[in-house]
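Fold and contact review
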Amino acid sequence: MEIKKELWGTTPDGKQISKFTLTNSKGASVVLSDLGATIVSVIVPDRDGNMADVALGYEKAESYINDGPCLGKCPGRFANRIAKGKFTLEGKEYTLPVNNGPNHLHGGPEGFQNKIWESRIVENAVEFMYFSEDGEMGYPANLKVVAHFSWDEDNELEMTFTAQSDATTVVNMTNHAYFNLNGEGNGDILGHELYLNASEYLPTDDTLIPLGESESVAGTPMDFVTPKLLGKDIHADFPAINYGKGYDNCFVIDGREEGQLQTAAELYSPESGRVLRITTTQPAVQVYTGNWLTGCPAGKNGHTYEDYGGVAIECQHFPDSPNRPEYPTTVLKAGEVYSEAIIYAFLVK
């Protein structure tokens, strides 16, 4: 495994942005950045052995700062939405910045995805660390988060997130990579086939906040238990799809056991033969079909990304969990260790 670090750009306040290229013996590679602990590119073979970059990304490092799509980044302290930017913890109400309609999204405008993380190379991996101070974006407690990325000879990208705090807080980490298995910038993903190990999803209001309990996907456009093309029902007249102009929904992973890896999803391109198999310890997966990509910064290789140009399959806890005690907990107390894993395995068939 070869790992190369290089200077990539600078932030407006003069901080250096670095990128890391991890290349295995087969020539497949992953590029990561310390700005937002970001997956910048994933170059893997198709069924004929032709290499292509299957992760959407920007040409310039600076384009990642405060971008709308959160392309490839690790948002935090809390990925996804918190209703009205408020939650109560141990009897005290906390107020967070509202940055997505009436709600708080991805830790706020100055979330982890817009920070330079400390970085180091460890064996066949790159590790990013971010220290979030008590009160940052309204969240309680000092929190140290480590995102560990490893790339192997089987074209598996493994991410582990660990976190510790000095007082009670909430945390929900994920990665927000967008994939197009025909190659980034090469059309839309409506012809990709998706399987989800999820027989239930979370219905939401029109601001994408869950209404409460999960419901069966059976007989609805939300059913991916039997693999189907993403484009098959993406324009169906159904509340969950109407609200987001496509899929932007949280699915509950079947058979989940805390701390155990479980299959979450499998994405397949009949055109290229590439397969992305996702396993995780997390309880849910948010599927977002890039419904609002048009107008985002210039992509790699001279590409311009349009709506549905990539799909994000984000393993995480449920949205608005701090306000929903019945959901799997996102509370982290002093002395405890938050630990979750996500594995992206790239295959062909």
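Summary of the structure given here. Everything quoted here is computed from the prediction, not taken from an experiment.

1. Structural notes on the overall build of the protein
- If you tally the helices and strands in the protein, you get one helix and 26 strands.
- On C-alpha atoms alone, the protein measures out to a radius of gyration of 19 Å, which is about the 20 Å that the 2.2 N^0.38 rule sets for 349 residues.
- In terms of overall dimensions, the protein has C-alpha extents of about 60 × 50 × 40 Å along its principal axes.
- Each of the 349 residues in the protein was classed as buried or not, and the buried ones make up 58%.
- Within the protein, residue pairs in contact and separated by at least 24 positions form 66% of the contacts whose partners lie at least 6 positions apart.
- Looking at the protein as shown, the accessible area adds up to about 13500 Å², and 47% of this sits on carbon and sulfur atoms.
- Taken as two groups, the 26 positive and 49 negative side-chain charges of the protein have centres that lie 3 Å from each other.

2. Comments concerning the sheet that holds strand β26 (residues 338-348)
- Reading across the sheet, the nine strands line up as β10-β11-β12-β13-β26-β22-β21-β16-β19 and stay open at both edges, with antiparallel pairing between neighbours. Since the sheet does not close on itself, it has two edges, and those belong to β10 (118-122) and β19 (228-229), each with one partner.
- Two elements, strand β22 (residues 274-280) and β26, share seven bridges in a ladder whose sense is antiparallel. Across the sheet, T280 pairs through a bridge with I342, a residue of β26.

3. As for the sheet that holds strand β17 (residues 200-201)
- Here six strands make up an open sheet; going across it, the order is β15-β24-β23-β20-β17-β18 and the pairing antiparallel. Because the sheet does not close on itself, it has two edges, and the strands there are β15 (178-179) and β18 (215-216).

4. Comments concerning the nonpolar core
- By size, the foremost hydrophobic cluster in this structure holds 64 residues, and its most contacted members are V42, W117, F149, F179, F251 and Y344.
- Per-element accounting of this core gives the leading share, five residues, to strand β12 (residues 143-151).
- The residues touching Y344, leaving out its near neighbours within four places in the chain, are I39, N155, E156, L157, M159, N175, F179, L276, R277, I278 and I313.
- Counting residues in each nonpolar core, the second largest holds 16 residues, with V31, L56, Y58 and Y64 among its members.

5. Some remarks on unusual backbone geometry
- Residue R77 is reached from G76 by a cis peptide bond, and omega for that bond is 10°.
- Counting through the fold element by element, R77 comes out in the loop between β5 (51-53) and β6 (81-82).
- Non-glycine residue N66 carries a positive phi angle of around 60°.
- By secondary structure assignment, the location of N66 is in the loop between β5 and β6.
- Look at E123: it is not a glycine, yet its phi comes out positive at around 50°.
- Secondary-structure assignment places E123 in the loop between β10 and β11 (125-132).

6. Section: the pairing of strand β2 (residues 16-23)
- The pairing of strand β1 (residues 2-10) with β2 spans eight bridges and is classified as antiparallel. Bridging across to β2, T10 finds its partner in Q16.
- Where β2 meets strand β3 (residues 29-33), five bridges bridge the pair, whose relative direction is antiparallel. Note on β3: the bridge partner recorded for K19 is S33.

7. Concerning the side chain of R274
- Examined against the element boundaries, R274 turns out to sit in strand β22.
- Look at R274: it is buried, it has no salt bridge, and the nearest opposite charge is D46 at 4.5 Å.
- Within the local environment of R274, its side chain forms a polar contact with the backbone oxygen of V44, the two atoms lying 3.2 Å apart.

8. A short note on the pattern of salt bridges
- For the coordinates displayed, the defined rule picks out 10 salt bridges.
- Among the ionic pairs, K228 bridges to D233, the shortest N-O distance being 2.6 Å.
- Judged by relative accessible area, which is 11%, K228 ranks as buried.
- Its relative accessible area of 17% is what places D233 among the buried residues.

9. Details of the packing of aromatic side chains
- By the definition in use, this model includes 17 aromatic pairs.
- Here F20 and F128 contribute two aromatic rings whose centre-to-centre distance is 5.8 Å and whose plane-to-plane angle is 80°, an arrangement assigned as edge-to-face. With F20 in strand β2 and F128 in strand β11, the pair connects residues that are 108 residues apart, well separated along the chain. By the burial criterion, F20 is buried, and F128 matches it.
- A cation over a ring is seen here: K228 above F224, with NZ or CZ 4.6 Å from the ring centre.

Cut-offs applied
- Residues numbered from 1 in each chain as written.
- Predicted model: local features only at pLDDT ≥ 70, side-chain atom pairs only at ≥ 80, totals over all residues.
- Heavy atoms only, no water.
- Helix = DSSP H or I, 4+ residues; strand = E, 2+ residues; numbered from the N terminus.
- Rg over C-alpha atoms; globule rule 2.2 N^0.38 Å.
- Buried < 20%, exposed > 50% of the residue type's maximum accessible area, 1.4 Å probe, protein only.
- Contact = heavy atoms within 4.5 Å.
- Areas by Shrake-Rupley, 256 points an atom, 1.4 Å probe, with all protein chains shown as cover.
- Lys, Arg positive; Asp, Glu negative; His and termini not counted.
- Charge placed at Lys NZ, Arg CZ, Asp CG, Glu CD.
- Pairing = 2+ DSSP bridges.
- Core = buried A, V, L, I, M, F, W, Y, C linked by side-chain atoms within 4.5 Å.
- Salt bridge = Lys/Arg side-chain N within 4 Å of Asp/Glu carboxyl O.
- Polar contact = N/O pair within 3.5 Å; in protein donor to acceptor, adjacent residues only side chain to side chain.
- Phe/Tyr/Trp six-rings, centres within 6.5 Å; stacked < 30°, edge-to-face > 60°.
- Lys NZ or Arg CZ within 6 Å of the ring centre and 35° of its normal.

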